[in-house]
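These are the residues of each chain, in order.
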Amino acid sequence: MRTIVRFFMKIIFCKIFYRVKFFGEENVKNLDKCIICANHSNKYEPTWLYSNIDNLFIMAKAELFENKIIAKLYKYFGIFPIRRGQKDVKSIMHAINLFDTTEKRKLLIFPEGERMPKEIERGPAKVGPTYIAAKAGVRIVPTYITKNVSVFSKVKVIYGNPIEVPKELIKDKEKLKEFSEELLNIIYSLKGSD
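Below you will find a few notes about this structure. (Residues numbered from 1 in each chain as written. Predicted model: local features only at pLDDT ≥ 70, side-chain atom pairs only at ≥ 80, totals over all residues. Heavy atoms only, no water.)

**Brief notes about the pairing of strand 1 (residues 19-23)**
Now for step 1: With burial as the criterion, only one face of strand 1 is covered, namely that bearing Val20 and Phe22; the residues Arg19, Lys21 and Phe23 on the opposite face remain uncovered.
Now for step 2: Here strand 1 pairs with strand 7 (residues 154-159) via 5 bridges, running parallel. Across the sheet, residue valine 20 finds its bridge partner in strand 7, namely valine 155. (Buried < 20%, exposed > 50% of the residue type's maximum accessible area, 1.4 Å probe, protein only. Helix = DSSP H or I, 4+ residues; strand = E, 2+ residues; numbered from the N terminus. Pairing = 2+ DSSP bridges.)

If you want it as structure tokens, here you go:
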């Protein structure tokens, strides 16, 4: 079922409504486990990445799960909620534990925490993705996606080189924040690297 859905997503959202091209795919596909951290400006970005990556789970805002039927559908496809603006320990632990339950797992998190409107170049980095990566012992793949695209536009998804996250960051909030901001810098620096 998931394979069929991914196939149709790729046709509809990556070929018809948008013309999506992926660069540096080996940076993701050569890893069994990783966190994909991307900039966020379009509601269809998770769809593009889901159609391109096997074993992908997605962290999404809790508001999307208010309808119980839709919530069940999301969970079936590996999408789980996070409450923004508060310490959602349950969701963070769920994300960490995902990497213990299988040999192959990818997790998509948007480190800015929300979609950036056109007038904002970039948002501040949340520390959650870095913390999860350090705790789970997985690498982060920084990913840049063409910003603020309209329907039928060309879109570039650029996967950067995987980044190791030092375990010691878990105990140092200041360094965790610094690492997270540097991660976001790397994501945006990929804009011209294809």
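That was the structure; now back to the text.
**Description of the sheet that holds strand 7**
Now for step 1: On the basis of which strands lie adjacent, the open sheet formed by 7 strands has the order 1-7-6-2-5-3-4 and mixed pairing. Looking along the sheet, the strands with just one partner apiece sit at the ends: strand 1 and strand 4 (79-82). Taking each pair of neighbouring strands and ignoring which way they run, the sheet shows an average axis angle of 25°. (Axes fitted to C-alpha atoms, helices over the stretch in contact; angles between N-to-C directions.)

**Overview of the nonpolar core**
Now for step 1: Residues Ile35, Met59, Leu107, Ile132, Ile140 and Val165 are the most contacted members of the largest nonpolar core, which totals 31 residues.
Now for step 2: Top contributing element to this core by residue count: helix 7 (residues 173-189), with 6 residues.
Now for step 3: Each residue touching leucine 107, except ones within four places of it in the same chain, is listed here: Cys34, Ile35, Ile36, Leu56, Phe57, Ile58, Met59, Phe80, Ala95, Leu98 and Phe99. (Core = buried A, V, L, I, M, F, W, Y, C linked by side-chain atoms within 4.5 Å. Contact = heavy atoms within 4.5 Å.)

**What to know about the pattern of salt bridges**
Now for step 1: Scanning all chains against the criterion turns up 7 salt bridges.
Now for step 2: For aspartate 54, the salt bridge goes to arginine 6, with nearest N and O atoms at 2.7 Å. With a gap of 48 residues between them, aspartate 54 in the loop between helix 3 (45-52) and strand 3 (56-61) and arginine 6 in helix 1 (residues 2-16) connect regions that are remote in the sequence.
Now for step 3: Here arginine 6 falls in the buried class, since its relative accessible area comes to 17%.
Now for step 4: A salt bridge links arginine 83 to aspartate 88, with the shortest nitrogen-to-oxygen separation between them at 3.7 Å. (Salt bridge = Lys/Arg side-chain N within 4 Å of Asp/Glu carboxyl O.)

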